[in-house]
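# Fold and geometry: a report
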Amino acid sequence: MRRSSLRVRDDDEVNCGSGGGDTSFTGLRIASVFIIMVTSLFGALFPVLARRTVWLRTRIPTRVFDTAKYFGSGVIIATSLIHLLDPAIDELSSPCLDPAWQNYPYALGICLLSIFLIFTTELIAFRWGTAMLARIGLAHDAHGHGLASHAAHGPESNVATQAMVAKQQGSDGSLTHEKGGDVDSQHSIEQEHRPHYPHAHSDVEKHDGHHTHNSGEALGDSPSAQIIGVAVLEFGVLLHSVLIGLTLAVNDEFKVLFIVIIFHQMFEGLGVGSRLAYLRLPAKYNYVAILGGILFGITTPIGIAVGLGVRTTYNPDSATASIVSGILDAFSSGILLYTGLVELMAHEFLFNTDMLNGSNSKLAYALCCMVLGAGIMALLGRWA
C-alpha cells in the first residue's frame, strides 16, 4: 500500500516516524472497520454465492461471471506491481534506513525470490503428487486441466502429436473403430477437422464433467491441488490486506485513503471471489470457497482494529515498520505476480481451447475485461 512515508519538515529534515500514528477521525476510523468489511465480503462472496445458489445462477447471465473472472485477473496482476512492488521499493530504499539498504534493490530481489519459491514449491508438490497418483493408476496433469498426457507448455510437432493420439487410442481399445458407434465416429470426424492444441484445456468440457483425452482424475483436478492453488493466492492477498488495515488506522491522510481502499478492497475481492467461484470441488469441500471469501473480507478490518489498538505507539513511517512492510509487500508481490501471469492469464488464454478456438470477439472481450481490471487498479495506485 502506497503511503506518504517521507514527510518533510520545515527544516528539510526527513521525518522517520517518531512517536505514534495519527489520532484524528477516531469515530470514522472505527466505522471503517465495518464499512470495509461489508464491501470486502460483498466483492469476495458475491461471485461464489451467485454460482452456488440456484436462484441467482439462473438469473445472472454467464457473461457476468466471465466478466468478473477476467476482470479479476487484471486486478490481481495490477495489485502485484502497483500496490505491492512499487511501495516495497519505496519502503526498502527509504533514507530512514541504514545506508546498507541503499546498496541493493532488495525489494526486487525479494520479489524474485518469492516467485522462485512459489514455483519450486508447486513443482515439488506436483512431482510428489505424480508419484502418488502413478501408484494408483491415475494420470498427472501438469496444468490441472485434465489433459495429463499432453504437453504442458506448447504445441508439439504433428508427428509427435499423431503418435501420442494413436498410442492413447490404442490404450483405450481403439474406441472409434472397435465400438463402431455412430456418435463416437461422428465425434472423431469433428475432432479431425478441429484445430488441435495439445497443451490446452476447455472450460466447457470441464463444466460438463468430461475430458477429451483423459478419463482418469488428473492431479490438478483433485480437491487438494485446487485448494493449494487458491491458498497461494489467498496468502499473498491476505498479507497485503493486513498491511492495508494497519496503514489506514494510523495514516494522517485518512479520508482520501479510506475512500480509495473501499473500492480497492471491493475490486480485489471480486478478483479473489471470481477464482473461488470456479473451484470444482466435491460437495463436502464446498465450504472452502466460502471460507476463502470470508477470510479475505475480515482480514483488512482486523488490520484496522489492530492498528487502532496500537496507534499511540505504532508509526508506519518508522524504520522498523518500513522494513517489515517492505519485505512483506515485496514477498506478496512475487506471489500475486506468479499467480496472475501463470495460473490466471496463461491458463485462461494460452491453455484454453475455448479461447484458442473461439471467436475473435470473445477473445477481444476477455482481453478488454482483463485490461479494464488492471487499468482501474493501476489508477487507484495514484492515491493508495
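Residues numbered from 1 in each chain as written. Predicted model: local features only at pLDDT ≥ 70, side-chain atom pairs only at ≥ 80, totals over all residues. Heavy atoms only, no water.

Below, the discussion takes up the nonpolar core. Within the largest apolar cluster, 22 residues are counted, with the highest numbers of intra-cluster contacts made by Ile76, Val237, Val272, Leu276, Leu279, Phe296 and Leu336. Secondary structure elements with two or more residues in this core: helix H1 (26-52), helix H3 (62-92), helix H9 (223-250), helix H10 (254-277), helix H11 (287-309) and helix H12 (319-350). Among the elements that make up this core, the one with the highest residue count is H9 (4 residues). Apart from the residues within four sequence positions on either side, valine 237 is in contact with Glu268, Val272, Phe296 and Leu336. Counting residues in hydrophobic clusters, the runner-up holds 21 residues, among them Ala249, Val250, Ile304 and Ala384. (Core = buried A, V, L, I, M, F, W, Y, C linked by side-chain atoms within 4.5 Å. Buried < 20%, exposed > 50% of the residue type's maximum accessible area, 1.4 Å probe, protein only. Helix = DSSP H or I, 4+ residues; strand = E, 2+ residues; numbered from the N terminus. Contact = heavy atoms within 4.5 Å.)

Attention now goes to the environment of glutamate 348. Along the chain, glutamate 348 falls in helix H12. Note on glutamate 348: relative accessible area 9%, which makes it buried. Separated by 275 residues in sequence, glutamate 348 and serine 73 place their C-alpha atoms 9.4 Å apart. Here arginine 275 takes part through its side chain, which lies 3.2 Å from a polar atom of the side chain of glutamate 348. (Polar contact = N/O pair within 3.5 Å; in protein donor to acceptor, adjacent residues only side chain to side chain.)

Our next topic: the side chain of arginine 29. Within the element layout of this structure, arginine 29 appears in helix H1. Relative accessible area serves as the criterion here: at 0%, arginine 29 is assigned to the buried category. Apart from the residues within four sequence positions on either side, arginine 29 is in contact with Asp22, Ser24, Leu248, Ala249, Val250, Asn251, Phe254, Ile304, Leu308 and Arg311.

Within the secondary structure, methionine 355 is located in helix H13 (residues 353-356). The buried category is assigned to methionine 355, whose relative accessible area is 5%. Put simply, methionine 355 and alanine 366 are 11 residues apart on the chain and 9.0 Å apart in space, counted from C-alpha to C-alpha. Setting aside chain neighbours within four positions, we find methionine 355 in contact with Tyr70, Glu348, Phe349, Lys362, Leu363 and Ala366.

Here we take up the packing of aromatic side chains. Summed over all chains, the structure comprises 9 aromatic pairs. The interplanar angle of 10 degrees and the centroid separation of 5.4 Å between the aromatic rings of phenylalanine 254 and phenylalanine 258 together place this pair among those described as stacked. You can see phenylalanine 254 and its partner phenylalanine 258 sitting in helix H10, 4 residues apart, about one turn around the helix. For phenylalanine 254, a relative accessible area of 1% corresponds to the buried category. (Phe/Tyr/Trp six-rings, centres within 6.5 Å; stacked < 30°, edge-to-face > 60°.)

This part covers helix H14 (residues 360-380). Here H14 contains 21 residues, and its C-alpha end-to-end distance of 30 Å stays within 8% of the 30 Å for a straight helix at 1.5 Å per residue. All of the buried residues along H14 are Ala366, Cys369, Met370, Gly373, Met377 and Leu380. Looking straight down H14, one finds that the buried residues subtend no more than 100 degrees of arc, so they occupy a single side. Summarising the geometry of H14, the exposed residues directed more than 90 degrees from the buried face are Asn360, Ser361, Cys368, Val371 and Leu379. (Expected span 1.5 Å × (residues − 1). Arc of directions from axis to C-beta.)

What follows concerns unusual backbone geometry. Despite not being glycine, phenylalanine 25 shows a phi value in the positive range, around 55 degrees. As for its placement among the helices and strands, phenylalanine 25 is situated in the segment before H1. Note on phenylalanine 25: relative accessible area 38%, which makes it partly exposed.

Let us look at the pattern of salt bridges. Under the counting rule described, the total for this entry stands at 2 salt bridges. For lysine 69, the salt bridge identified is with glutamate 348, shortest N-O distance 3.6 Å. With lysine 69 in helix H3 and glutamate 348 in helix H12, the pair connects residues that are 279 residues apart, well separated along the chain. The residues lysine 69 and glutamate 348 share a single accessibility class, namely buried. We note a salt bridge from arginine 275 to glutamate 348, for which the minimum N-O separation is 3.2 Å. Of the two residues, arginine 275 is situated in helix H10 and glutamate 348 in helix H12; the sequence distance between them amounts to 73 residues. (Salt bridge = Lys/Arg side-chain N within 4 Å of Asp/Glu carboxyl O.)

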